[in-house]
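# Fold and contact review
Read off the chains here:
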Amino acid sequence: MNNFVSGFIAIVGRPNAGKSTLLNSLIQQKISIVSPKPQTTRDAVLGIWTDESCQMVFVDTPGSIKPKNALGDYMAKTIERAVIDVDCILLVIDGHDGISYEEMELVKKYGTKNIPLVVAITKTDIAQPETLMPELSKLNEFDCIKEVYSISAKRNRNIDELKEGLKKYLKSSEMFFPEEDITDKSERYIVCELIREKILLCCDKEIPHGVGIVLNKMEYDENALIWDIDANIIVEKQSHKPIILGKQGKNIKEIGLRARQSIEKMLDARVYLALWVKVKEDWRDNPYMLNEIGYKDK
Ligand SMILES: Nc1nc2c(ncn2[C@@H]2O[C@H](COP(=O)(O)OP(=O)(O)O)[C@@H](O)[C@H]2O)c(=O)[nH]1
Ligand SMILES: [Mg+2]
């Protein structure tokens, strides 16, 4: 193939900026989970876009936070690793929230890495143009920023333009992944993530941050044409169990229903989903449990 380019692009930014939504929109598939709560993404998730002229490998990262436990440490290390050896850094800023000191610090941090820095101002669908313009002008003082795109990942606004713009930072090279791949994560991993996403959406406060998912079974029944999935929801405190379950199991039923629908959409098949709540105290500080839940140090 002539002039075929490929490379890695790290997606960074504050928690809740809209990084995972943007990743899904860039590759036109849902592979990274999204919620209104910070710290939704725990692991680096690769999203791969391949067409006749290029292969872009996007690395979605957890938002920058100060680690409070072993899982937090793991998330912080994941971001540091993700920005080594990439061809471009894409800093996502919530345009609806405005550009504060924290965003400026991130620009400075990523602008000095000798890697081209591109900024995407997202959520423009809910930002007021008259407040957005003066905010954007704050970025003018930074020479390290190659380009700024105003986008909406939710409404798919300017996504193709952004993708086209990012192409120029890729290098002439062969594909890194087979062209049919859209992520480095397995279906099993995404199933766990979709369950966790529904817990983030159906439970308040700190509960979801202490939740981990372990798949006990995921098998396709060739006769019944249905996926049989059985998973444990691990919580870190006994008191969290009744909250996940809800009155007369109402909450877990809702989590199960929503998770099943999302999993069916991803697998494009019918799904039977059974969920169990188990208590494992302080699993977020237990290397063995972190490993079992899939947060393996590479
Ligand atoms: N209106 C609007 N909301 C968005 C957009 N992108 C993300 N969001 C919302 O912002 C919240 C955080 O998104 P997420 O992708 O999980 O952010 P992350 O923590 O940076 O990965 C979710 O509630 C999303 O639905 C957008 O373009 N427009
Ligand atoms: Mg995320």
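Residues numbered from 1 in each chain as written. Chains lettered and ligands numbered in written order. Predicted model: local features only at pLDDT ≥ 70, side-chain atom pairs only at ≥ 80, totals over all residues.

## What to know about the domain arrangement of the protein chain
Put simply, the rule reads: Throughout, the edges of the domains are those of an automatic or database domain assignment. In this classification, Asp, Glu, Lys and Arg are treated as charged, Ala, Val, Leu, Ile, Met, Phe, Trp, Tyr, Cys and Pro as nonpolar, and every other residue, Gly included, as polar.
Domain boundaries assigned for the protein chain yield domain 1 (5-172) and domain 2 (187-292). Placing the centre of domain 1 and that of domain 2 at their C-alpha centroids yields a distance of 28 Å. Of the residues belonging to the side of domain 1 that touches domain 2, the class tally is five nonpolar, four polar and two charged.

## Topic: unusual backbone geometry
Negative phi characterises most residues that are not glycine, and trans characterises most peptide bonds. Going by this rule: By the criteria applied, helices consist of DSSP H or I runs no shorter than four residues and strands consist of E runs no shorter than two, each listed in order from the N terminus. Residues are called buried when their C-beta atom has 20 or more other C-beta atoms within 10 Å, exposed when it has 12 or fewer, and partly exposed otherwise; all C-beta atoms are positioned from the backbone.
Even without being a glycine, Gln39 presents a positive backbone phi close to 65°. By secondary structure assignment, the location of Gln39 is in the loop between helix H1 (19-27) and strand E2 (45-50). For Gln39, a count of 17 C-beta atoms within 10 Å translates into the label partly exposed. Although it is not a glycine, Lys123 adopts a positive phi angle of roughly 60°. Its location among the elements puts Lys123 in the loop between strand E5 (117-122) and helix H4 (129-137).

## A look at the packing of helix H6 (residues 187-202) against helix H8 (residues 250-267)
Inclusion rule: An axis is simply a line fitted to the C-alpha atoms; with a helix, the fit covers only the stretch in contact. Between two such axes, the angle follows the N-to-C directions and lies from 0 to 180 degrees. Angles below 35 degrees are treated as roughly parallel, those above 145 as roughly antiparallel, those between 65 and 115 as roughly perpendicular, and all remaining angles as oblique. It is the rotation of the near helix from the far one that decides the hand of a crossing: anticlockwise by less than a right angle makes it left-handed, clockwise makes it right-handed. Note that contacts rest on C-beta atoms placed from the backbone: two residues are in contact if these are within 7 Å.
Two elements in contact, H6 and H8, have axes whose closest approach is 9 Å; the angle formed by their N-to-C orientations is 140°. Overall, the two elements H6 and H8 adopt an arrangement that is oblique. For H6 against H8, the interelement crossing comes out right-handed. Each of Glu187, Ile190, Val191, Leu194, Ile195, Lys198, Ile199 and Cys202 in H6 lies in contact with H8, whose residues at this interface are Asn251, Glu254, Ile255, Arg258, Ala259, Ser262, Ile263, Met266 and Leu267. Considered class by class, the residues forming the contact of H6 with H8 number 11 nonpolar, two polar and four charged.

## Focus: the pairing of E2
The criterion, for reference: Paired strands are those between which DSSP finds at least two bridges.
In terms of burial, E2 is largely enclosed, as five of its six residues are buried. Here E2 runs beside strand E3 (residues 54-60); their pairing, made up of six bridges, is antiparallel. Across the sheet, the residue bridging to Val45 is Asp60, located in E3. The hairpin turn running from E2 into E3, its antiparallel successor, is three residues long.

## Details of the environment of Ile145
One can find Ile145 in strand E6 (residues 145-150). Accessibility expressed as a C-beta count within 10 Å gives 17 for Ile145, which makes it partly exposed. As a C-alpha pair, Ile145 and Gly111 span 34 residues in sequence and 6.8 Å in three-dimensional space. Apart from the residues within four sequence positions on either side, Ile145 is in contact with Val107, Gly111, Leu117, Val119 and Leu139.

## Some words on the site of ligand 1
Stated precisely, the cut-off is as follows: All residues are tested the same way: a C-beta atom is placed from the backbone, and lying within 6 Å of a molecule or strand makes the residue near it.
Taken together, 21 residues surround ligand 1, and among them Gly18, Lys19, Ser20, Thr21 and Lys154 come closest. Of all the elements, H1 adds the most residues to the shell around ligand 1, at three residues. For the shell around ligand 1, a count of residues per class yields six nonpolar, 11 polar and four charged.

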